[in-house]
Amino acid sequence: MADKLFRAVILGPPGSGKGTISQRIAQCFGLQHLSSGDFLRENITANTEAGVLAKRYIEQGLLVPDHVITRLMLTRLEKITRQSWLLDGFPRTLVQAEALNSTCDVDVVISLNVPFETLKERLSTRWVHPTSGRMYNMEFNPPHIHGIDDVTGEPLVQHEDDKPDVVAARLREYKGIAKPVIDLYKKEGVLHSVSGTETNKIWPYIYSLLCTKITPVDPEESQHSPPLYSQ
Ligand SMILES: Nc1nc2c(ncn2[C@@H]2O[C@H](COP(=O)(O)OP(=O)(O)O)[C@@H](O)[C@H]2O)c(=O)[nH]1
Ligand SMILES: Nc1ncnc2c1ncn2[C@@H]1O[C@H](COP(=O)(O)OP(=O)(O)O)[C@@H](O)[C@H]1O
């Protein structure tokens, strides 16, 4: 079980906790965490051709065109031949899921269901440290010093697409687009749906599920590590 490369995908609307849960999975199970959103933001910062194009869509709360994100992600995945991975934010559309399927088999898909009101609240109070991807929630897991990353002391930023006007557009768009992706993975028998309003309550289920498929890097530590949130 430990030797086979393991490929996982986490699905869920913006704000459902994909990034937060992916960081825990990566830490506990040693998977490489690949976030399409982080990857796009890196491209925007580096001013690549794909980044310049993506920026126009992201600022309006729209999805980046399938061919742009698919090329970026699949090129990245081709280079990862020896490490198990977890995709966060990709695939988001049926076209993307089919493109991924044509290159590899996915072992597990985790789909997060979180109520709409909870999502809106979380996104409008989300701030990040751009270099590391560390996420904060101004009400729930705030930084020690307002607006400053706990580890580096650098300023936190709010993603353009987490600003209130854009959030509503993103959530509306997600609903219709995600269903065919979820249906595809259900049909393939790899889908595991988890519902809840709190990451800490969802996490034990995900941890147990993954333990049936892959060996934790450090089982002792992962079972006893303190929760990120106190809710
Ligand atoms: N209130 C609350 N906030 C959470 C919880 N889990 C994650 N968050 C915060 O909600 C925001 C969205 O989470 P994130 O992991 O970025 O979601 P993603 O958009 O699906 O990747 C971030 O600010 C997180 O710190 C939770 O259980 N409760
Ligand atoms: N797979 C994708 N397909 C199209 N656009 C994407 C994809 N992944 C990310 N994006 C774009 O980047 C933005 C930020 O993505 P991400 O950080 O994953 O958002 P969140 O974590 O809030 O769900 C999205 O709103 C979208 O415009």
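Only a predicted model underlies this, so the values are computations on that prediction, with no experimental measurement involved. (Residues numbered from 1 in each chain as written. Chains lettered and ligands numbered in written order. Predicted model: local features only at pLDDT ≥ 70, side-chain atom pairs only at ≥ 80, totals over all residues. Heavy atoms only, no water.)

Undergrad: How should the site of ligand 2 be read in this particular structure?
TA: With respect to spatial proximity, 18 residues lie near ligand 2, and among them S36, L62, G89, R126 and R170 are the closest. In the model, an oxygen atom of ligand 2 is placed 2.6 Å from a nitrogen or oxygen of the L62 main chain. Within the side chain of Q96, one N or O atom sits 2.9 Å away from a nitrogen atom of ligand 2. When isolated, ligand 2 has an accessible area of 550 Å², and the protein chains bury 96% of it. For the shell around ligand 2, the leading source of residues is helix α2 (residues 36–45), giving four residues. (Near = heavy atom within 4 Å. Polar contact = N/O pair within 3.5 Å; in protein donor to acceptor, adjacent residues only side chain to side chain. Areas by Shrake-Rupley, 256 points an atom, 1.4 Å probe, with all protein chains shown as cover. Helix = DSSP H or I, 4+ residues; strand = E, 2+ residues; numbered from the N terminus.)

Undergrad: How should I be thinking about the site of ligand 1 in this particular structure?
TA: Inspection of the region around ligand 1 gives 19 residues, with G15, G19, T20, R126 and T199 positioned closest. Within the backbone of G15, one N or O atom sits 2.7 Å away from an oxygen atom of ligand 1. Y136 is positioned with one of its backbone polar atoms (N or O) 3.1 Å from an oxygen atom of ligand 1. Computed on the free molecule, ligand 1 has an accessible area of 580 Å², of which 93% lies beneath the protein chains in the complex. Looking at the shell around ligand 1, the elements that each hand over two or more residues are α1 (18–29) and β6 (135–137). Partitioned by chemical class, the residues of the shell around ligand 1 number six nonpolar, nine polar and four charged. (Nonpolar A, V, L, I, M, F, W, Y, C, P; charged D, E, K, R; others polar.)

Undergrad: Sorry, what's going on with the sheet that holds strand β2 (residues 32–35) here?
TA: Across a sheet, strands are paired by hydrogen bonds formed along the backbone, either parallel or antiparallel in direction. What the five strands build is an open sheet, ordered β2-β3-β1-β4-β7; its pairing is parallel. Pairing within the sheet leaves two strands with one partner each, and these edge strands are β2 and β7 (191–195). Each adjacent strand pair in this sheet contributes to an overall mean axis angle of 20°, direction not counted. Contacting β1 (7–11), β4 (108–113) and β7, helix α7 (residues 164–188) runs over the sheet at an angle of about 145° to β1. (Pairing = 2+ DSSP bridges. Axes fitted to C-alpha atoms, helices over the stretch in contact; angles between N-to-C directions. Contact = heavy atoms within 4.5 Å.)

Undergrad: Help me out: how do you make sense of the packing of helix α6 (residues 116–124) against α7 in this one?
TA: Two numbers describe a pair of packed helices, the interaxial angle and the distance between the axes. At their nearest, the axes of α6 and α7 sit 10 Å apart, and the two run at 145° to each other. You can see that α6 and α7 cross each other, and the crossing is right-handed. On α7, the residues that touch F116, L119, K120 and L123 of α6 are V167, R170 and L171. Partitioned by chemical class, the residues of the contact of α6 with α7 number five nonpolar, no polar and two charged. (Left-handed = near helix turned anticlockwise from the far one by under 90°.)

In short, shape yes, function no, at least from these values alone.
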